[in-house]
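# Descriptive analysis of the structure
Given next are the chains, with one letter for each unit.
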Amino acid sequence: VKHGVGSPLICIRDERRGDEFAISSVVQRAYADVAYSDHREHQMVDRLRLGNPSHTAVSLLAEAQSHAVGHVLLTHAVIRDGPKSVPTLALAPLSVVPELQDRGVGSALVRAACAKATALGHSSVLVVGIPRFYDRFGFKPLSCYPITIPFAAPAAICWMMELKPGALDDVRGQVQYAPGWLDH
Ligand SMILES: CC(C)(COP(=O)(O)OP(=O)(O)OC[C@H]1O[C@@H](n2cnc3c(N)ncnc32)[C@H](O)[C@@H]1OP(=O)(O)O)[C@@H](O)C(=O)NCCC(=O)NCCS
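For the structure given in this document, a descriptive report is provided here. (Residues numbered from 1 in each chain as written. Predicted model: local features only at pLDDT ≥ 70, side-chain atom pairs only at ≥ 80, totals over all residues. Heavy atoms only, no water.)

Taken together, 20 residues lie near the ligand, and Tyr-36, Asp-102, Gly-104, Gly-106 and Ser-107 sit nearest. Contact distances for the ligand include 3.2 Å between a nitrogen atom and a backbone N or O atom of Leu-94. In this structure, an oxygen atom belonging to the ligand sits 3.5 Å away from a main-chain N or O atom of Val-105. Protein contacts shield 73% of the accessible area of the ligand, which totals 870 Å² for the unbound molecule. The cavity that encloses the ligand is the largest pocket. Looking at the shell around the ligand residue by residue, the class counts come to eleven nonpolar, six polar and three charged. (Near = heavy atom within 4 Å. Polar contact = N/O pair within 3.5 Å; in protein donor to acceptor, adjacent residues only side chain to side chain. Areas by Shrake-Rupley, 256 points an atom, 1.4 Å probe, with all protein chains shown as cover. 1 Å grid on protein atoms, 1.4 Å probe; cavity = no way out; pocket = protein on both sides within 12 Å on 5 of 7 lines; lining within 4 Å. Sits in = over half its atoms within 2 Å of the grid points. Nonpolar A, V, L, I, M, F, W, Y, C, P; charged D, E, K, R; others polar.)

Now the structure itself:
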């Protein structure tokens, strides 16, 4: 997929074998100056992707002139209510290298990741991230749903999007992330 985002031209593609180091480095650089970050997001990505690849649903790389400049990861999660559990996807982390931020790369990655997840038949995507960014893609505040996350986070940064209309009708419970997601 080619996205014209001003200059340079960005190409978004699936992660391939051999991309591990580039992805880790993009994630580390993206979060280096983020005040609320623990600067260990790249370790989480390595843990989730390399520890058990089956936890990954979508992992996309954004490249400019064949250099990795952005990455997004969607991992499998479930919304658990007693014995019932409904599959969902957790979007995290989302990373754009500092020199290319604010030029549409992050938005292109979110759109491409959600489109891919929809094409793969997934029902919904959850993100605990930043305020005022995710609504433009169709995410709604998580507080619209009777769904909780297993840690404290400001309501303004918690978002959920149905990929299939009605997918979250009658769904309630607590999100359970892939093993390794929370251990950092
Ligand atoms: C957040 C991030 C992925 C956005 O990607 P990007 O390519 O810079 O963003 P885009 O150019 O597609 O979109 C720009 C919009 O994002 C908003 N944005 C960027 N960082 C933001 C933040 N920390 N909080 C809220 N909004 C933010 C910008 O204000 C801009 O909004 P506008 O279009 O209303 O002016 C990128 O800036 C990044 O990697 N930041 C550091 C890591 C991080 O904080 N990740 C959190 C993701 S949950």
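Our next topic: the packing of helix 1 (residues 20–31) against helix 2 (residues 41–51). One can describe the packing of helix 1 onto helix 2 by two numbers: an axis separation of 8 Å at closest approach and a directional angle of 150°. It follows from the interaxial angle that helix 1 and helix 2 lie roughly antiparallel. Relative to helix 2, the crossing made by helix 1 is right-handed. Contacts between helix 1 and helix 2 involve Glu-20, Ile-23, Ser-24, Val-27, Gln-28 and Tyr-31 on the former and, on the latter, Glu-41, His-42, Val-45, Asp-46, Arg-49 and Leu-50. Partitioned by chemical class, the residues of the contact of helix 1 with helix 2 number five nonpolar, three polar and four charged. (Axes fitted to C-alpha atoms, helices over the stretch in contact; angles between N-to-C directions. Helix = DSSP H or I, 4+ residues; strand = E, 2+ residues; numbered from the N terminus. Parallel < 35°, antiparallel > 145°, perpendicular 65-115°, else oblique. Left-handed = near helix turned anticlockwise from the far one by under 90°. Contact = heavy atoms within 4.5 Å.)

Among the nine residues of strand 3 (residues 56–64), eight are classified as buried, and the element is accordingly described as predominantly covered. Examined bridge by bridge, strand 2 (residues 10–14) and strand 3 share five bridges and lie antiparallel to one another. By the bridge assignment for strand 3, Ile-12 is matched with Ala-62. Pairing of strand 3 with strand 4 (residues 67–81) involves eight bridges; the strand directions are antiparallel. From the neighbouring strand, Ala-64 faces strand 4, where its bridge partner is His-67. Linking strand 3 to strand 4, which pair antiparallel, is a turn of two residues; within it Gln-65 sits at a positive phi near 50°. (Buried < 20%, exposed > 50% of the residue type's maximum accessible area, 1.4 Å probe, protein only. Pairing = 2+ DSSP bridges.)

Another aspect to go through is the pattern of salt bridges. Under the definition given, this model contains four salt bridges. Across the pair Arg-13 and Asp-19 runs a salt bridge, and its minimum N-O distance is 2.9 Å. With respect to burial, Arg-13 and Asp-19 carry one shared label: buried. Of the charged contacts, one joins Arg-29 and Glu-99 as a salt bridge, the two residues approaching to 2.6 Å between their closest N and O atoms. Here Glu-99 lies in the loop between strand 5 (84–96) and helix 3 (105–119) and Arg-29 lies in helix 1, a separation of 70 residues in the sequence. (Salt bridge = Lys/Arg side-chain N within 4 Å of Asp/Glu carboxyl O.)

Across all of its chains, the model carries seven aromatic pairs by this definition. Ring geometry for Phe-133 versus Tyr-134: centroids 5.0 Å apart, planes at 80°, classification edge-to-face. Residue Tyr-134 is classed as buried on the basis of its relative accessible area, which comes to 3%. Seen from their ring centres, Phe-151 and Trp-181 are 6.2 Å apart, and the 20° between their planes marks the pair as stacked. Of this pair, Phe-151 sits in the loop between strand 8 (147–148) and strand 9 (158–162) while Trp-181 is found in the segment after strand 10 (173–176), placing the two residues 30 residues apart along the sequence. Overall, Phe-151 belongs to the partly exposed group, its relative accessible area being 27%. Assessed through its relative accessible area of 8%, Trp-181 is described here as buried. (Phe/Tyr/Trp six-rings, centres within 6.5 Å; stacked < 30°, edge-to-face > 60°.)

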